[in-house]
Amino acid sequence: MIVALNHKSNLTLEEITKYLNEYRKIDFQNHELIILPTAIYLPLMKDLTFGSQDVSCKEQGAYTGEVSAKSIASLKASYTLINHSERLTKLGEDLSISKQKLKNAIENNLTPIICIGDTEIEHEEGIYLTKIKADLNYLLKDLTSPNFIIAYEPIFAIGTGKIPNVQDIQKVITMLKETYKVKVLYGGSANLANIDTLKTIEGLDGFLLGSLSLDLKSLNLFLQKLS
Ligand code: PGA
């Protein structure tokens, strides 16, 4: 399975150095691990499978502070997250910005891991499949490359310890697999307590982990349970 590790804005240089020393000793159990560190640590990932958490919506040029897809690709990164809900809900971005980022990622041969999710209200009202499809259709319209991954991340599950019931997740995964015919991950409070349940979801190709990715002892156990 694919296991993508979203470090978010965590770890100092000293901490990531220690982390990488331990990470290199982990038994990946035949899973494909993708490390997504804070952007400034990307050059430390050379010998690993890695990607960025974001790319700029702008191309290279006079955009102070932005990190372009082209620069990230030049470090030999393979992947980038696109449309993570924290960028939308906490950093004021929207789907049109994500669409621009997606275009830049594809043009620079980064495989996008497109995050998509529903709010708790949308989930409770039963409109989550429609909402997810509408967002994805907007993002994917005009996209020529079939090379992308989708990560289903219910917004209310991210960092909360709470996941939707597994039948609802199954419905989303089945719809995504049937409609888009790409690899599909689940993300949002995937942890040691719920992995036995989550891994029963049919068609799932892996997980996107946030907090668990920072704790290598737990990650190790997670990989063992997944095998
Ligand atoms: P979490 O984060 O595993 O801490 O819920 C997942 C994510 O935001 O990708």
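(A) Representation of the state of the cysteines in the model. Within the structure shown, the criterion is met by zero disulfides. Of the cysteine sulfurs around Cys57, a residue in no disulfide, the closest is that of Cys115, at 17 Å. With relative accessibility at 1%, the residue Cys115 sits in the buried group.

(B) Geometry of the sheet that holds strand β7 (residues 183-187). Across the sheet, which stays open at both edges, the eight strands sit in the order β2-β1-β8-β7-β6-β5-β4-β3 with parallel pairing between neighbours. Since the sheet does not close on itself, it has two edges, and those belong to β2 (32-36) and β3 (51-52), each with one partner. Bridging between strand β4 (residues 79-82) and strand β5 (residues 111-116) involves four bridges; their strand directions are parallel. If you follow Tyr79 over to β5, its bridge partner there is Thr111.

(C) Seen up close, the layout of surface pockets. Of the pockets and cavities examined, the largest pocket occupies roughly 520 Å³. Every residue lining the largest pocket is counted, 24 residues in all, and those nearest its centre are Ser9, Gln53, Asp54, Arg87 and Leu91. Listed by contribution, the elements that provide at least two residues to the lining of the largest pocket are α3 (85-89) and α4 (95-107). For the lining of the largest pocket, the residue count by class is eight nonpolar, eight polar and eight charged. Approximately 250 Å³ is the volume found for the second largest pocket. As for the second largest pocket, its lining consists of 18 residues, of which Gly159, Ser189, Gly210, Ser211 and Leu212 are closest to the centre. Residue composition of the lining of the second largest pocket, by class: six nonpolar, 10 polar and two charged.

(D) Looking closely at the site of the ligand. Around the ligand, a shell composed of 13 residues is seen, among which Lys8, His84, Glu153, Gly159 and Ser189 lie nearest. Taking Gly159, its main chain carries an N or O atom lying 2.7 Å from an oxygen atom of the ligand. One of the backbone nitrogen or oxygen atoms of Ser211 is found 2.9 Å away from an oxygen atom of the ligand. Considering the ligand on its own, with 280 Å² of exposed area, one finds that the protein chains cover 98% of that surface. A class-by-class count of the residues in the shell around the ligand yields four nonpolar, seven polar and two charged.

(E) Examining the environment of Ala193 more closely. In this structure, Ala193 sits in the loop between β7 and α8 (195-198). We classify Ala193 as exposed; its relative accessible area is 73%.

(F) Region of interest: helix α9 (residues 216-226). Leu216, Ser218, Leu219, Phe222, Leu223 and Leu226 are the residues of α9 that are buried. Buried residues of α9, seen end-on, are gathered within an arc of 155° and therefore sit on one face of the element. Buried residues belonging to α9 abut β1 (2-6), α1 (13-23), β2, α8 and β8 (206-209). In this structure Asp215 caps α9, since a side-chain oxygen of it lies 3.2 Å from the backbone nitrogen of Lys217.

(G) Region of interest: the nonpolar core. The biggest cluster of nonpolar side chains holds 58 residues, and the ones touching the most others in it are Tyr23, Leu176, Phe207 and Leu219. Excluding anything up to four places from it in sequence, Leu219 contacts Val3, Leu5, Tyr23, Ile26, Leu33, Leu209 and Leu212. Among the nonpolar cores identified, the runner-up in size contains 12 residues, and Ile2, Cys115, Leu185 and Leu208 belong to it.

What counts, and at which threshold
- Residues numbered from 1 in each chain as written.
- Predicted model: local features only at pLDDT ≥ 70, side-chain atom pairs only at ≥ 80, totals over all residues.
- Heavy atoms only, no water.
- Disulfide = S-S within 2.5 Å.
- Buried < 20%, exposed > 50% of the residue type's maximum accessible area, 1.4 Å probe, protein only.
- Pairing = 2+ DSSP bridges.
- Helix = DSSP H or I, 4+ residues; strand = E, 2+ residues; numbered from the N terminus.
- 1 Å grid on protein atoms, 1.4 Å probe; cavity = no way out; pocket = protein on both sides within 12 Å on 5 of 7 lines; lining within 4 Å.
- Points joined across faces, edges and corners; volume = space filled by probe spheres on them.
- Nonpolar A, V, L, I, M, F, W, Y, C, P; charged D, E, K, R; others polar.
- Near = heavy atom within 4 Å.
- Polar contact = N/O pair within 3.5 Å; in protein donor to acceptor, adjacent residues only side chain to side chain.
- Areas by Shrake-Rupley, 256 points an atom, 1.4 Å probe, with all protein chains shown as cover.
- Arc of directions from axis to C-beta.
- Contact = heavy atoms within 4.5 Å.
- Core = buried A, V, L, I, M, F, W, Y, C linked by side-chain atoms within 4.5 Å.

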